[in-house]
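# Topology and contacts: notes
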Amino acid sequence: MILEPLGSVVLGLALAWMALRSLPDRLPPRRAVLTTGALGGLFGAYLMHSVLGPGHVVATLVGSALIGAVTLSLLIRPRSHRLSRSAAA
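A brief look at the structure comes next.

## Regarding the side chain of Arg26
Here Arg26 is to be found in the loop between helix H1 (3-22) and helix H2 (30-52). There is no salt bridge for the buried Arg26, and the closest opposite charge comes from Asp25, which lies 5.9 Å off by N-O distance. In this structure Arg26 touches Leu75, Ile76, Arg77, Pro78 and Arg79, once residues within four positions along its chain are discounted.

## So, the packing of H1 against H2
The N-to-C vectors of H1 and H2 enclose an angle of 140°; their axes lie 7 Å apart at closest approach. Looking at the two axes, H1 sits oblique to H2. Helix-helix and strand crossings are classified by hand; for H1 and H2 the assignment is right-handed. The segment H1 lies against H2, with Glu4, Pro5, Ser8, Val9, Gly12, Leu13, Ala16, Trp17 and Leu20 engaging Arg30, Val33, Leu34, Gly37, Ala38, Gly41, Leu42, Ala45 and His49. Each residue belonging to the contact of H1 with H2 can be placed in one class, and the counts come to 11 nonpolar, five polar and two charged.

## Topic: H2
The end-to-end C-alpha distance of H2, which contains 23 residues, comes to 32 Å, matching closely the 33 Å that a straight helix rising 1.5 Å per residue would cover. For H2, the complete set of buried residues consists of Val33, Gly37, Ala38, Gly40, Gly41, Gly44, Ala45 and Met48. The secondary structure elements touched by the buried residues of H2 are H1 and helix H3 (57-73).

## What to know about H3
The terminal C-alpha atoms of H3, which comprises 17 residues, lie 24 Å apart, in line with the 24 Å expected from a rise of 1.5 Å per residue. Among the residues making up H3, those that are buried are Thr60, Leu61, Gly63, Ser64, Ile67, Gly68 and Leu72. Check the buried side of H3 and you find it contacts H1 and H2.

## A word on the nonpolar core
Within the largest apolar cluster, six residues are counted, these being Ala16, Ala19, Leu20, Leu27, Val33 and Leu72. Tallying contributions element by element places H1 first for this core, with three residues. In this structure, Ala19 is in contact with Pro24 and Leu27, ignoring residues within four places of it in sequence.

Conventions we followed
Residues numbered from 1 in each chain as written. Predicted model: local features only at pLDDT ≥ 70, side-chain atom pairs only at ≥ 80, totals over all residues. Heavy atoms only, no water. Helix = DSSP H or I, 4+ residues; strand = E, 2+ residues; numbered from the N terminus. Buried < 20%, exposed > 50% of the residue type's maximum accessible area, 1.4 Å probe, protein only. Lys, Arg positive; Asp, Glu negative; His and termini not counted. Salt bridge = Lys/Arg side-chain N within 4 Å of Asp/Glu carboxyl O. Contact = heavy atoms within 4.5 Å. Axes fitted to C-alpha atoms, helices over the stretch in contact; angles between N-to-C directions. Parallel < 35°, antiparallel > 145°, perpendicular 65-115°, else oblique. Left-handed = near helix turned anticlockwise from the far one by under 90°. Nonpolar A, V, L, I, M, F, W, Y, C, P; charged D, E, K, R; others polar. Expected span 1.5 Å × (residues − 1). Core = buried A, V, L, I, M, F, W, Y, C linked by side-chain atoms within 4.5 Å.

Scope: geometric values only; no functional claims are made or implied.
Okay, here's the thing in structure tokens:
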């Protein structure tokens, strides 16, 4: 029972860390990304446990990682363009 929430938080933090390493300039501050990753993984575990029921630890962890990744993807900002529109015209 404790493996699902703990594992999902660890997976969410790992996903957040990987996102910070690969897209540092397109994400909000580090603390917000790590918090979102952990909470996204925990919410994913809750959702998957509600859908699948007890006894599906691996499937719950996989689902929580997927939902955590989707939650983190909502934080990504578009690339900033160096030239403004008035300077380009």
